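Coordinates in review
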Amino acid sequence: MTTAKPAYKRILLKLSGEALMGDDQFGINRDTIVRMVNEIVEVTRLGVEVAVVIGGGNIFRGVAGGSVGMDRATADYMGMLATVMNSLALGDTMNKAGLTARVMSAIGIEQVVEPYVRPKALQYLEEGKVVIFAAGTGNPFFTTDTAAALRGAEIGAEIVLKATKVDGVYTADPKKDPTATRYSTISFDNAISQNLGIMDATAFALCRDQKLPIKVFSIFKHGALKRVVMGEDEGTLVFA
Ligand SMILES: Nc1ncnc2c1ncn2[C@@H]1O[C@H](COP(=O)(O)OP(=O)(O)OP(=O)(O)O)[C@@H](O)[C@H]1O
Ligand SMILES: O=c1ccn([C@@H]2O[C@H](COP(=O)(O)O)[C@@H](O)[C@H]2O)c(=O)[nH]1
């Protein structure tokens, strides 16, 4: 009897911050974060090395601050701090679920989390620890999708998995256009030229240049992460 093997040895998982709210209006819903972590536990049991970037949309986005008159860079630093909070909550939930998580921050806040040091992150992954990259890229005017692309390339991940609120990339935002249809695959060039809002163009361009594929799938669909990791048909593949 042959046992199916995972399609990837090392993945960069981008978790939606906004999805963390669950049915709440704001913040971190306990049942939701536990559910997300349980899905991650399943793929670590397959021997897959997992690095995570989590967004901050459940707490704060720089564009929101900017739109009400705040200095945009200051608002973006607040957004980055929001991702640190989500990362701490995620790490804590992972540790309670039996994983060993390490949170590394792109901005210096050593009393709270250790700084991002690439060789250290690689060492943790090789040791089977889950590494959570907090504070995005450490720079304003970027997003955590771009941080996922950047860290994914740096750690030699074979794929970036964007676990989000929709089940793939559509011809238009499916939350606004009910006639939108889902792609099973799409090239980076097409995604960029059609200005598809599922991810920002910087993240797409970085992954395209590094030949790092992206899989977009629903974080709300039970077992979807494992199916993606096993190479099964799920979500949308964005390829170079
Ligand atoms: N062409 C498209 N296909 C699919 N979704 C799209 C498209 N255009 C826009 N979207 C929207 O993009 C959203 C996902 O991206 P977004 O960056 O807002 O969320 P996230 O990454 O899940 O959250 P966070 O930034 O908090 O981590 C979807 O919920 C969907 O409504
Ligand atoms: O590299 C980065 C990453 C993020 N930010 C700010 O944080 C928020 C939250 O991230 P999302 O990707 O939107 O979930 C984002 O809106 C930015 O304000 C950043 O400045 N740099």
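Each residue is numbered by its place in its chain's sequence as written, counting from 1. As a convention, the first chain written is A and the first ligand written is 1, with the rest following in written order. Per-residue local features of the predicted model are confined to residues with pLDDT of at least 70, and side-chain atom pairs are confined, for both listing and counting, to 80 or more; whole-chain, interface and lining totals are unaffected and use all residues. With hydrogens and water excluded, all non-hydrogen atoms of the structure serve as input to the side-chain values.

Some points on the overall build of the protein chain
For the protein chain, the count of helices and strands is eight helices and nine strands. Here the globule rule reads 2.2 Å times residues to the power 0.38, and the radius of gyration is calculated from C-alpha atoms. Against the compact-globule benchmark of 18 Å for 240 residues, the protein chain has a radius of gyration of 17 Å, which places it among compact chains. Dimensions of the protein chain, computed from the C-alpha atoms along their principal axes, are close to 60 × 45 × 35 Å. Buried residues are those whose accessible area, probed at 1.4 Å on protein chains only, stays under 20% of the maximum for their type, while exposed residues exceed 50% and partly exposed ones sit between those limits. Relative to its 240 residues, the protein chain shows a buried fraction of 50%. In the protein chain, of all internal contacts separated by at least 6 residues, the share reaching a separation of at least 24 is 72%. Side-chain charges in the protein chain split into 26 positive and 26 negative, and the spacing between the mean points of these groups amounts to 3 Å. Only DSSP runs of H or I covering at least 4 residues are called helices, and only runs of E covering at least 2 are called strands; the numbering of each starts at the N terminus. In what follows, a contact means two residues having at least one pair of non-hydrogen atoms within 4.5 Å. Only four residue types enter the charge count, namely Lys and Arg as positive and Asp and Glu as negative; His and the chain termini do not. Where a charge lies is defined by one atom per residue type, namely NZ (Lys), CZ (Arg), CG (Asp) and CD (Glu).

What about the layout of surface pockets?
The method works on a 1 Å grid over the protein atoms by themselves. A cavity is a set of points holding a 1.4 Å probe that cannot get out, a pocket is an open set with protein on both sides within 12 Å along at least five of seven lines, and residues with an atom within 4 Å of a point line them. Grid points are joined across faces, edges and corners, and a volume is the space filled by probe spheres set on the points. Its volume calculated, the largest pocket comes out at about 910 Å³. Lining the largest pocket are 43 residues, with Arg61, Thr143, Asp145, Lys162 and Ile198 positioned closest to its centre. Counting only elements with at least two residues in the lining of the largest pocket, the list comes to helix H2 (62–67), helix H3 (72–96), helix H5 (144–154) and strand E6 (159–164). At five residues, H3 tops the list of elements feeding residues into the lining of the largest pocket. Classes in brief: Ala, Val, Leu, Ile, Met, Phe, Trp, Tyr, Cys and Pro nonpolar; Asp, Glu, Lys and Arg charged; the others, Gly included, polar. Grouping the constituent residues of the lining of the largest pocket by class yields 14 nonpolar, 17 polar and 12 charged.

What to know about the environment of Ala157
Secondary-structure assignment places Ala157 in the loop between H5 and E6. Beyond its immediate sequence surroundings of up to four residues, Ala157 is in contact with Arg10, Ile11, Leu12, Gly152 and Leu212.

Considerations on the nonpolar core
Residue types Ala, Val, Leu, Ile, Met, Phe, Trp, Tyr and Cys, when buried and joined through side-chain atoms within 4.5 Å, form a set referred to as a nonpolar core. Counting residues in hydrophobic clusters, the biggest one holds 39 residues, and the most contacted among them are Leu13, Leu15, Val52, Leu90, Met94 and Leu161. Considering every element that reaches this core, the biggest residue donor is helix H1 (residues 30–44), with six residues. Counting 33 residues, the second largest nonpolar core, distinct from the first, contains Val166, Tyr183, Leu196 and Ala203.

Side note on the pattern of salt bridges
Here a salt bridge means any side-chain nitrogen of Lys or Arg lying within 4 Å of a carboxyl oxygen belonging to Asp or Glu. A full pass over the atoms with the stated rule returns 15 salt bridges. As a salt-bridge pair, Glu49 and Arg10 come within 2.6 Å of each other at their nearest N and O atoms. Of the two residues, Glu49 is situated in strand E2 (residues 49–54) and Arg10 in strand E1 (residues 10–15); the sequence distance between them amounts to 39 residues. Of the two residues, Glu49 and Arg10, both sit in the buried class. Its salt-bridge partner being Lys14, residue Asp145 comes within 3.0 Å of it at the nearest N-O pair. Here Asp145 is found in helix H5, whereas its partner Lys14 is found in strand E1, with 131 residues between them in sequence. Judged by relative accessible area, which is 6%, Lys14 ranks as buried. Three or more residues joined by partner-sharing salt bridges are found here, namely Lys9, Arg10 and Glu49.

With respect to the environment of Thr146
Position of Thr146 among the secondary structure elements: in helix H5. Each C-alpha atom of the pair Thr146 and Pro213 lies 13 Å from the other, and the pair is 67 residues apart in sequence. Excluding residues within four positions of it along the chain, Thr146 makes contact with Thr137, Asp200, Thr202, Ala203 and Leu206. Within 3.5 Å is the distance limit for a polar contact, defined as a pair of N or O atoms, with the added protein rule that one can donate a hydrogen and the other accept it, and that residues adjacent in sequence qualify only through two side-chain atoms. Within the structure, Thr146 has its side chain in polar contact with the side chain of Asp200 (distance 2.8 Å).

A look at the packing of H5 against helix H7 (residues 201–209)
One way to put it is that H5 packs onto H7 with a least axis distance of 8 Å and a crossing angle of 10°. The angle between H5 and H7 falls in the class roughly parallel. Note that H5 runs across H7; the crossing there is left-handed. Here H5 contributes Asp145, Thr146, Ala149 and Leu150 to the contact with H7, which in turn contributes Thr202, Ala203, Leu206 and Cys207. Within the contact of H5 with H7, the residues separate by chemical class into five nonpolar, two polar and one charged. Note on geometry: axes are C-alpha line fits, over the in-contact stretch for helices, and angles between N-to-C directions span 0 to 180 degrees. Oblique is the label for any angle not covered by the other classes, which are roughly parallel (under 35 degrees), roughly antiparallel (over 145) and roughly perpendicular (65 to 115). Crossing handedness is defined as follows: a turn of the near helix away from the far one that is anticlockwise and smaller than a right angle gives a left-handed crossing, while the clockwise case is right-handed.

With respect to the sheet that holds E6
Note: strands within a sheet are paired through backbone hydrogen bonds, in either parallel or antiparallel orientation. The rule for pairing is simple: two strands pair if DSSP sees at least two bridges between them. Here we have nine strands laid out as an open sheet, ordered E4-E3-E5-E2-E1-E6-E8-E9-E7, and mixed in their pairing. Edge positions in the sheet fall to strand E4 (114–115) and strand E7 (185–187), since each of these pairs with one other strand and no more. Most of the contacts of H3 go to strand E5 (residues 130–134), to which it runs at about 165°, and overall it touches E1, E2, strand E3 (101–105) and E5.

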